[in-house]
Protein chains: 2
Amino acid sequence: MDFKSYVRTIENFPKPGISFKDITTLLNNKEAFHAAIETIARHFEGKQIDIVTGPEARGYIFASALAYRLGAGFVPVRKPGKLPYKTKRISYALEYGEDALEVHEDAFLAGQRVLVVDDLLATGGTIRATIDLVESFDAKVEGVGFMIELAFLNGRKRLDGYDLMSLIQY
Amino acid sequence: MDFKSYVRTIENFPKPGISFKDITTLLNNKEAFHAAIETIARHFEGKQIDIVTGPEARGYIFASALAYRLGAGFVPVRKPGKLPYKTKRISYALEYGEDALEVHEDAFLAGQRVLVVDDLLATGGTIRATIDLVESFDAKVEGVGFMIELAFLNGRKRLDGYDLMSLIQY
């Protein structure tokens, strides 16, 4: 399937000079959405994934459907202050300032096989932080999946050594 | 499956006096997560659902997996300012103040059969707004599904006339 043909480009969002890749036009097409999940799932299905995880909010769209498809559990990675129980937190640098992500302190078990997914790989900061958080539980990151990879930003170099797949590259 | 046994109650979150129902302990259990999606899906699968939708962020967890399971597309309902293209917005009252939700102006087509889902039915304000937004496209809400229903808050009365199912009731 030509997944790229379902993506809409919005110029100057969220700020001037940015070409935003809008995937809502892919998600609301039943054939394209199903094929997208199926294609990512097939890449990783030999790995006996225990948990699929991803950062809020768009990461959940792929992480949850893939968890269902792969027979795995799902762990939501959240912005600080959203989770009700005791958490583990990781801070990471943004272009200007920093941000943080949290999961519950019992989110993963040591030795679990984890797939990390998000909608978009840009510079890789968010997903690198997510991986570091997963690995702090001594769980094993078996793969990293994206709907879209902005290859010109070279986020892939921060994820060296992982089985990385993206459905669409720009 | 005794779904309730997988839910953790956190007292006094997000504020004193609230008993928060934490579903992360159900989500990260592969059998419980799979059975939850499967049970909701079976309730609605005769309805030829075209689109499953839900509000961010926790609604995506169920809406996305159900969209995949039911062979439907997925539409994310977002907080204002997050979507890149032209939007339709709905405002709704909270206990103190108001909030708003948005979808893209081409999110739904007239006549599409839509399933609306969220993690929790409390007073029903968010899901009522989501339904109103879907119906403003002349799409048809075929059902409303929840992981948890706080029956003592009687949110169900605001959703009268819809095929409503919840997996767990308190």
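Residues numbered from 1 in each chain as written. Chains lettered and ligands numbered in written order. Predicted model: local features only at pLDDT ≥ 70, side-chain atom pairs only at ≥ 80, totals over all residues. Heavy atoms only, no water.

(A) Molecular detail of the overall build of chain A. Helix and strand counts for chain A stand at 4 helices and 9 strands. When the helices and strands of chain A are read in sequence order from the N terminus, they spell out β-β-α-α-β-α-β-β-β-β-α-β-β. In terms of overall dimensions, chain A has C-alpha extents of about 40 × 40 × 30 Å along its principal axes. Expressed as a percentage of the 170 residues in chain A, the buried residues total 57%. Put simply, of all contacts in chain A between residues at least 6 apart along the chain, 57% involve residues at least 24 apart. With the model as given, the accessible surface of chain A reaches about 7100 Å², and the carbon-plus-sulfur share is 48%. (Helix = DSSP H or I, 4+ residues; strand = E, 2+ residues; numbered from the N terminus. Buried < 20%, exposed > 50% of the residue type's maximum accessible area, 1.4 Å probe, protein only. Contact = heavy atoms within 4.5 Å. Areas by Shrake-Rupley, 256 points an atom, 1.4 Å probe, with all protein chains shown as cover.)

(B) Structural view of the relation of the copies chain A and chain B. The operation relating chain A to chain B is a screw motion whose rotation component is 180 degrees, with 0.0 Å of axial translation and a residual RMSD of 0.0 Å. Both copies of the chain, as the preceding transformation shows, are related through a two-fold rotation axis. Taking C-alpha positions as the reference, the residue of chain A nearest the rotation axis is Ala65(A), at 2.0 Å. Both copies contact each other with a shared surface, as 100% of the interface residues of chain A are interface residues in chain B too. (Least-squares fit on C-alpha atoms with pLDDT ≥ 70 in both.)

(C) Region of interest: the sheet that holds strand E9 (residues 164-169) of chain A. Residues and elements named next belong to chain A. The strand order across the open sheet formed by 5 strands is E4-E3-E7-E8-E9, and the pairing between neighbours is parallel. The two strands at the open ends of the sheet, each matched to only one other strand, are strand E4 (73-77) and E9. Strand-to-strand twist across the sheet, computed as the mean angle between neighbouring axes with direction ignored, equals 20 degrees. Of the pairings in the sheet, the one linking strand E7 (residues 113-121) to strand E8 (residues 140-149) comprises 8 bridges and is parallel in character. Bridging from a neighbouring strand, Asp 118 pairs with Phe 146 of E8. Contacting strand E3 (51-55), E4, E7 and E8, helix H3 (residues 58-70) crosses the sheet at an angle of about 140 degrees to E7. (Pairing = 2+ DSSP bridges. Axes fitted to C-alpha atoms, helices over the stretch in contact; angles between N-to-C directions.)

(D) Seen up close, the nonpolar core. In terms of nonpolar packing, the biggest core is built from 70 residues, with Val52(A) and Val52(B) touching the most fellow members. Not counting the four nearest positions on each side in its chain, Val52(B) is found in contact with Ala63(B), Leu66(B), Ala67(B), Leu70(B), Ala72(B), Gly73(B), Phe74(B), Val75(B), Leu115(B) and Val117(B). (Core = buried A, V, L, I, M, F, W, Y, C linked by side-chain atoms within 4.5 Å.)

The values reported here are purely geometric and, on their own, carry no functional implication.
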